[in-house]
Amino acid sequence: MKDWREVKEAIERDIDRIWWEEPEEVTKSKLGIFPSGAGVGGQVLGNLFFQVADTQAMGWWTAEPAMKYAFEDPTFTVEHCKRMWKYITLHMAKLMGDVDPPGCPAPWLNLPKLKEFAEDIVESFPSIKTKEELRDLLWSWFNYVNCLNRWFFLIFPWHLGEMFPLMTRERIEKLQRFMEPRPE
């Protein structure tokens, strides 16, 4: 069993590593290097998308606000909160950092620490006795995940969106001529 304070300290040390300098796992992803073999059709756009979307879901957009409400809800016990975090987070963290040879010889989406920290949090659950202790540990977790999310957001090739312009009324009217039957 791990003590939650030790897990929190390890997460905080890794936050220090990734806060100001682009972490290696992000640089590798930006360069299209996925030793796991992750990717579809010889490209990594989907990988980059999931790195943005899943870290967002594990952090500021979904899991963090859900846990905030659970911590404030007097009908939720610390055990309910532990299970809730596990249910909404663990599957994504495992996917992003899972290693399953021979088909997946390296962390699937280059994030071994994400999986390791998530599993360490679960392993520390027996040492957590109050919602305040869990909130303190998850505060560090969310800072870590949110930092990764910001890095992945920065490296995502947003310029590709220019190929998919918003269809305004004016654009639709211009394109309607393609919908008209051609004279025979």
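Residues numbered from 1 in each chain as written. Predicted model: local features only at pLDDT ≥ 70, side-chain atom pairs only at ≥ 80, totals over all residues. Heavy atoms only, no water.

Enquirer: Just give me the short version of the overall build of the protein chain, but keep the residues and values in it.
Expert: Counting secondary structure elements, the protein chain contains 8 helices and 0 strands. In terms of C-alpha radius of gyration, the protein chain reaches 21 Å, well past the compact-globule figure of 16 Å for 184 residues. Across its three principal directions, the C-alpha atoms of the protein chain cover 80 × 40 × 30 Å. Counting the 184 residues in the protein chain, one finds 39% classified as buried. Long-range pairs, those at least 24 residues apart, make up 73% of the contacts in the protein chain with a sequence separation of at least 6. (Helix = DSSP H or I, 4+ residues; strand = E, 2+ residues; numbered from the N terminus. Rg over C-alpha atoms; globule rule 2.2 N^0.38 Å. Buried < 20%, exposed > 50% of the residue type's maximum accessible area, 1.4 Å probe, protein only. Contact = heavy atoms within 4.5 Å.)

Enquirer: Go over helix α6 (residues 112–124), please, and point to the residues and values.
Expert: End to end, α6 covers 18 Å across 13 residues, agreeing with the expected 18 Å (1.5 Å per residue, within 8%). Listed in full, the buried residues belonging to α6 are L114, K115, F117, A118, D120, I121 and S124. (Expected span 1.5 Å × (residues − 1).)

Enquirer: Outline helix α4 (residues 63–72), listing residues and values.
Expert: Every buried residue of α4 is accounted for by A63, M67, A70 and F71. Along the axis of α4, the buried residues cluster in a sector spanning 100°; they form a single face. Where α4 is buried, its residues touch α3 (45–58), α5 (78–97) and α7 (131–155). (Arc of directions from axis to C-beta.)

Enquirer: So what's going on with the pattern of salt bridges? Which residues, and what values?
Expert: Inspection of every chain in the model, using the stated rule, returns 11 salt bridges. Taking the shortest distance from any N to any O, the salt bridge between D3 and R5 comes out at 3.5 Å. The exposure class assigned to D3 is partly exposed, which follows from its relative accessible area of 21%. D98 serves as the salt-bridge partner of K115, at 3.4 Å between the closest nitrogen and oxygen. Of the two residues, K115 is situated in helix α6 and D98 in the loop between α5 and α6; the sequence distance between them amounts to 17 residues. For D98, a relative accessible area of 30% puts it in the partly exposed group. (Salt bridge = Lys/Arg side-chain N within 4 Å of Asp/Glu carboxyl O.)

Enquirer: Break down the nonpolar core for me, citing the residues and quoting the values.
Expert: By size, the foremost hydrophobic cluster in this structure holds 45 residues, and its most contacted members are I11, W85, L114, I121, L138, W141 and Y144. Put simply, the parts of the chain that give this core at least two residues each are α1 (4–18), α3, α4, α5, α6 and α7. When residues of this core are assigned to their parent elements, the largest contribution, 12 residues, is made by α7. Ignoring anything within four residues of it in the chain, the contact list for W141 reads I11, M58, W85, T89, A93, L114, F117, A118 and I121. (Core = buried A, V, L, I, M, F, W, Y, C linked by side-chain atoms within 4.5 Å.)

Enquirer: Requested: an account of the environment of K82, with residues and values cited.
Expert: Among the structural elements, K82 can be located in helix α5. Since its relative accessible area comes to 4%, K82 is described here as buried. In this structure, the C-alpha to C-alpha distance between K82 and L134, residues 52 residues apart in sequence, is 7.6 Å. Beyond its immediate sequence surroundings of up to four residues, K82 is in contact with F125, I128 and L134.

Enquirer: Outline the side chain of T55, supporting the account with residue identities and numerical values.
Expert: Among the secondary structure elements, T55 is positioned in helix α3. Given the relative accessible area of 0%, T55 is considered buried. T55 has contacts with F50, M96, V145, L148, N149 and F152, leaving out every residue within four places of it along the chain.

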